[in-house]
Protein chains: 2
Amino acid sequence: METYMQMLGRLAKSASREAAKLGTKAKNRGLLAVANELVEERELILQENAKDIEAAKAKGVKQSLIDRLALTEQRIEDMAEGLRQIAALDDPIGEVLGMKTRPNGLRIGKKRVPLGVVGIIYESRPNVTADAFGLCFKTGNAVILRGGSDAIHSNRAITRVIKEGLRKEKLSQDLILLVEDTSREVVNEMMKMHGWIDVLIPRGGAGLIANVVANSTVPVIETGTGNCHVYVDETADIKMATDIIENAKTQRLGVCNACESLVIHSKIADAALPKIVTRLKEHGVEIRGDERAQAISSEIIPATEEDWGTEYLDAIISVKIVDSIDEAITHINTYNTGHSESIITKDYDNALRFQDEIDAAAVYVNASTRFTDGFEFGFGAEIGISTQKLHARGPMGLEALTTTKYIIFGNGQIRG
Amino acid sequence: METYMQMLGRLAKSASREAAKLGTKAKNRGLLAVANELVEERELILQENAKDIEAAKAKGVKQSLIDRLALTEQRIEDMAEGLRQIAALDDPIGEVLGMKTRPNGLRIGKKRVPLGVVGIIYESRPNVTADAFGLCFKTGNAVILRGGSDAIHSNRAITRVIKEGLRKEKLSQDLILLVEDTSREVVNEMMKMHGWIDVLIPRGGAGLIANVVANSTVPVIETGTGNCHVYVDETADIKMATDIIENAKTQRLGVCNACESLVIHSKIADAALPKIVTRLKEHGVEIRGDERAQAISSEIIPATEEDWGTEYLDAIISVKIVDSIDEAITHINTYNTGHSESIITKDYDNALRFQDEIDAAAVYVNASTRFTDGFEFGFGAEIGISTQKLHARGPMGLEALTTTKYIIFGNGQIRG
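Rules of the game
- Residues numbered from 1 in each chain as written.
- Chains lettered and ligands numbered in written order.
- Predicted model: local features only at pLDDT ≥ 70, side-chain atom pairs only at ≥ 80, totals over all residues.
- Heavy atoms only, no water.
- Salt bridge = Lys/Arg side-chain N within 4 Å of Asp/Glu carboxyl O.
- Helix = DSSP H or I, 4+ residues; strand = E, 2+ residues; numbered from the N terminus.
- Disulfide = S-S within 2.5 Å.
- Axes fitted to C-alpha atoms, helices over the stretch in contact; angles between N-to-C directions.
- Parallel < 35°, antiparallel > 145°, perpendicular 65-115°, else oblique.
- Left-handed = near helix turned anticlockwise from the far one by under 90°.
- Contact = heavy atoms within 4.5 Å.
- Nonpolar A, V, L, I, M, F, W, Y, C, P; charged D, E, K, R; others polar.
- UniProt positions renumbered as here; feature names shortened; annotations may be inferred.
- Domains from an automatic or database assignment.
- Least-squares fit on C-alpha atoms with pLDDT ≥ 70 in both.

Some points on the pattern of salt bridges
Stage number 1. Applying the stated criterion across every chain, the model contains 66 salt bridges over all chains.
Stage number 2. The shortest N-O distance in the salt bridge between Glu-357 of chain B and Arg-353 of chain B comes to 3.1 Å. Of this pair, Glu-357 of chain B and Arg-353 of chain B are both found in helix α15 (residues 348-357), four residues apart, which corresponds to roughly one turn of the helix.
Stage number 3. Put simply, Lys-13, Arg-17 and Asp-198 of chain A together with Asp-359, Lys-389 and Arg-393 of chain B are held in one network by salt bridges that share partners.

Topic: the state of the cysteines
Stage number 1. On inspection of all chains with the given rule, the structure shows zero disulfides over all chains.
Stage number 2. Distance from the sulfur of Cys-256 of chain B, which forms no disulfide, to the nearest cysteine sulfur (Cys-228 of chain B) is 6.9 Å.

A word on the packing of helix α2 (residues 24-40) of chain A against helix α7 (residues 152-168) of chain A
Residues and elements named next belong to chain A.
Stage number 1. Taken N-terminus to C-terminus, the directions of α2 and α7 make an angle of 135°; their axes are 8 Å apart at the nearest point. When the axis of α2 is compared with that of α7, the two are oblique. Judged by the sense of rotation from one axis to the other, the crossing of α2 with α7 is right-handed. The residues of α7 that touch α2, namely those facing Ala-33, Val-34, Glu-37, Leu-38 and Glu-40, are Ile-158, Val-161, Ile-162, Glu-164, Gly-165, Leu-166 and Lys-168.
Stage number 2. Residues belonging to the contact of α2 with α7 are distributed by class as follows: seven nonpolar, one polar and four charged.

Section: the UniProt feature "domain: Aldehyde dehydrogenase" (unreviewed entry) in chain A
Stage number 1. Per the UniProt record, "domain: Aldehyde dehydrogenase" (unreviewed entry) is annotated on residues 11-285 and 315-378 of chain A.
Stage number 2. Counting secondary structure, residues 11-285 of chain A comes out at 53% helix and 16% strand; the distance between its end C-alpha atoms is 50 Å.

A closer look at the domain arrangement of chain A
Stage number 1. Each assigned domain of chain A is listed with its residue range as follows: domain 1 (4-222 + 391-409) and domain 2 (228-371).
Stage number 2. Placing a centre on the C-alpha atoms of domain 1 of chain A and another on those of domain 2 of chain A gives a separation of 36 Å.

Thoughts on the relation of the copies chain A and chain B
A rotation about some axis, followed by a shift along it, carries one copy of the chain onto the other.
Stage number 1. Structural alignment of chain A on chain B gives an RMSD of 0.0 Å, achieved by rotating through 180° and translating 0.0 Å along the axis. A rotation of that kind, with that shift, is consistent with a two-fold axis. Residue His-391 of chain A, judged by its C-alpha, is the member of chain A lying nearest the rotation axis, at 1.8 Å.
Stage number 2. In this assembly the copies share their binding face: 100% of the residues contributing to the interface of chain A also contribute to that of chain B.

Okay, here's the thing in structure tokens:
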């Protein structure tokens, strides 16, 4: 007897074979049909979403999480609009990269193809259900979604509506499969479905991601954690540094590309730090610094060793004073999470050295770390931001949901 | 107190930072110095290798394994020549892929950079020690090598000689680190070094690979297992099919790109199969087939369900008769390991359908599966053949040992 997850794996694998054969037109028609269906069935989705919200309130879940869970007519329209935008993007599938003819006459090319079955484990935002489906479907993949139990009614409703949209276009309803059993055992089983699920993408808090990395036998793309730094070099334009730090720290708290730590060259610290502190204090940011930073501003409270490695996701920032760019680079490479790092400098050599030697997905000169984002990078969509080095690094657009295969055209070649 | 593996991880991480800064010239000089050192110190290496061979003989290890373990002057010269060839290859590091300017003026490019620390777990071939070092070093990575206990004296000697070559060029000796403790506990610890080792590549038998996939928290690139098929389509040229099958099965037994299974269209089976059987029998190949194949040739013995999924690595092949290309594709996609598959056909539509619908790293039309190889594909080197879909698929050359980072040049941009 197959288990529930084995059944989902089998259905997804079979649907993925069909999806891989679909042309761009059929996929775009499917996306638009699903977008229409979401708008038409918004009442149903809102009714089901209300059940999740009621249950969350009864459990005493905090307001910020309820806000993430709550859908509105506008949010449903945004989900539909997201699918329409995905339909408008170029289809990466089928591109042949660099076909060459070998001396023996074999023509060898590398063709972009779907991954197959994508598994996504996510937390309470129900809009991920439609987004993830859209990106996976556009790239010819089937998707198995495991959302949080908090959002199960919403996710069920959205999935049902998406399936109905697919049905109307005569597409397989198994292209999206929701894991309706939200028990821990089922997640554990999902992480062991090597051979059935081709990649697993966890989207959520650090605990969820660490659990998936530690326990999955399916290849994982790690996303998210960002202990991002801005380094104010000796020659920085202080006004530019202050504006960028304000933006990177306060434009949106609680996001992975927000700045969590400042590193400042000692030769500019006396002039720059008070201005930066004043600006951050206007936004109510708590500033934790080393002893030298504290000596410059009485607004700065002591930082501990733990602060250097902490992603606050809150109105808090740490400050470290260094005596050289080498010290700055070593500090950042020791404590960062490989997400986004920025140097503010007028020095040409230091700009290039920072970009060369910092080990992170996105390394900036004179710009805010907040730009690390699939839309800002011009990909038109984003399935997450990879902080690992294999397969995809940084903001992941449609291409991250593809793989390649070698296609070889011969006329009887055998190996000598 | 740090453990032995933590120490290796720390040394490797530190060396990898230095390696990432090296220019192509410095790396090539290092490779050539190491090549010279290997040739000069061949006596030492042969002496140490003799200890491994003696120990293997005392343990009653079978001759084929001893042959793989044994070094000769020629094999050492081949190792050195391999390093010289790697020195001659283009350096992929530093290439910037597609730099674009965004509407806000940010210039965003994707730069090819080293992975950092590569871990390789391999079995008894000591030449892997020099090969893997050469490929990792050329791409600016440090490497931690865990070879089998059978080859420990040889691996120690080769590593010592490589370090001496590095020292002469004033390069860090920690660029190659051999795990000298060959206990199982140490391998288990190595597989959990997430954050210290950036990628783990197991090279060896199916058991080794399955163990690493199941237990590693470090991202893994799976290599190797190849249950490769040749499908003889209705319109195949029978002479071409026979030649290709002979080559794919018998040119070298025991390699991952050898053909393990034939799939033959029923309309051509009566004409083609007897010729194929005769040819394979000249090489002493045992042929196991379904009932329809057995009815065509009395040389064919019964195949069981298990045969369809078996990578023999031996003078055995299975034969399945099908009634359509659809049936062939379904059969292959059910039982293959995603390595190399070939169709022999004169039919244009079937050639393209096979390439589109077969899920494998390399899909051939009218050529032998034996070509799936980094050298045959023109990469000049190979670290293994990936049978997974993430990061690298198919033969892996230098590029598979790299990642990318986004480099962003701004002049004060903040996000609105």
